[in-house]
Every structure is written in structure tokens, then in C-alpha cells.
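Listed here are the chains, written in short residue letters.
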Amino acid sequence: MEVRGRWWNGAWGRMARRDIWLVSNGRLWRVRGRLGGDGGQEVSYDFPDEASARSMVDRMMKTSG
């Protein structure tokens with residue numbers, strides 16, 4: 001899977017940091033989110049198209065941890 005985008009909220013620390021990745025293999029689009037830096041809680045969502053995946057990225061960026 002190739003990373004197509006990466007976002008970080010700019011906050012340091014295990015409780016405040018949020019990371020989001022958009023990855024794709026050309027057919028499947030995956031959005032991964034992590035709360036809390038390395039070793040933090042992770043979630044991932046799969047989508048059939050880029051538009052749906054980017055919509056999830058937008059929602060995740062607007063939602064607080």
C-alpha cells in the first residue's frame with residue numbers, strides 16, 4: 001500500500017497527538033487513524049474509492065479524540 005496523504009494535529013504527547021494516513025493499493029483505499037502517538041489506539045476503515053476515503057479523513061480531522 002502506498003501512502004497518499006498524512007496528517008498530524010501538531011500536538012505532542014500521548015494524550016493529545018492524532019495521526020491520520022490515507023493509503024491505497026490502486027483498488028482499495030484505507031484510512032488509518034491513531035490517537036496517542038506510537039503505541040496509541042488505532043482504527044482503520046476501508047473504502048472502494050478515493051472520494052469516500054477522503055470524506056472519512058475530513059470527518060476524522062474535525063472530530064476530537
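Check the entry above for the structure.
Conventions we followed
Residues numbered from 1 in each chain as written. Predicted model: local features only at pLDDT ≥ 70, side-chain atom pairs only at ≥ 80, totals over all residues. Heavy atoms only, no water. Helix = DSSP H or I, 4+ residues; strand = E, 2+ residues; numbered from the N terminus. Expected span 1.5 Å × (residues − 1). Contact = heavy atoms within 4.5 Å. Polar contact = N/O pair within 3.5 Å; in protein donor to acceptor, adjacent residues only side chain to side chain. Pairing = 2+ DSSP bridges. Axes fitted to C-alpha atoms, helices over the stretch in contact; angles between N-to-C directions. Salt bridge = Lys/Arg side-chain N within 4 Å of Asp/Glu carboxyl O.

With that settled, the discussion passes to helix α1 (residues 50–62). The periodicity of an α-helix, 3.6 residues per turn, causes residues three or four places apart in sequence to face the same way. Under the 1.5 Å per step criterion, the end-to-end length of α1 is 19 Å for 13 residues, consistent within 8% with the ideal 18 Å. Of the surrounding elements, those touching the buried residues of α1 are β1 (2–8), β2 (18–24), β3 (29–35) and β4 (41–47). Between a side-chain oxygen at the N-terminus of α1 and the backbone nitrogen of Ala51 the separation is 3.3 Å; the capping residue is Asp49.

Let's shift gears to the sheet that holds β2. As summarised here, the arrangement of the four strands in space is β1-β2-β3-β4, forming an open sheet in which the pairing is antiparallel. The outermost strands of the open sheet, each flanked by one partner alone, are β1 and β4. Looking at each pair of strands side by side, their axes are set apart by 15° on average, direction ignored. Those strands touched by α1 are β1, β2, β3 and β4, and its axis lies near 15° from that of β3.

Before going further, it helps to spend a moment on the pattern of salt bridges. Scanning all chains against the criterion turns up nine salt bridges. Arg34 is the partner of Asp19 in a salt bridge, and the nearest nitrogen-oxygen pair spans 3.7 Å. With a gap of 15 residues between them, Asp19 in strand β2 and Arg34 in strand β3 connect regions that are remote in the sequence. Between Asp38 and Arg34 there is a salt bridge, and its shortest N-O distance comes to 3.6 Å. Several salt bridges converge on common partners, so that one network encompasses Arg6, Arg17, Asp19, Arg32, Arg34, Asp38 and Glu42.

Just distances and angles here, no functional claims.
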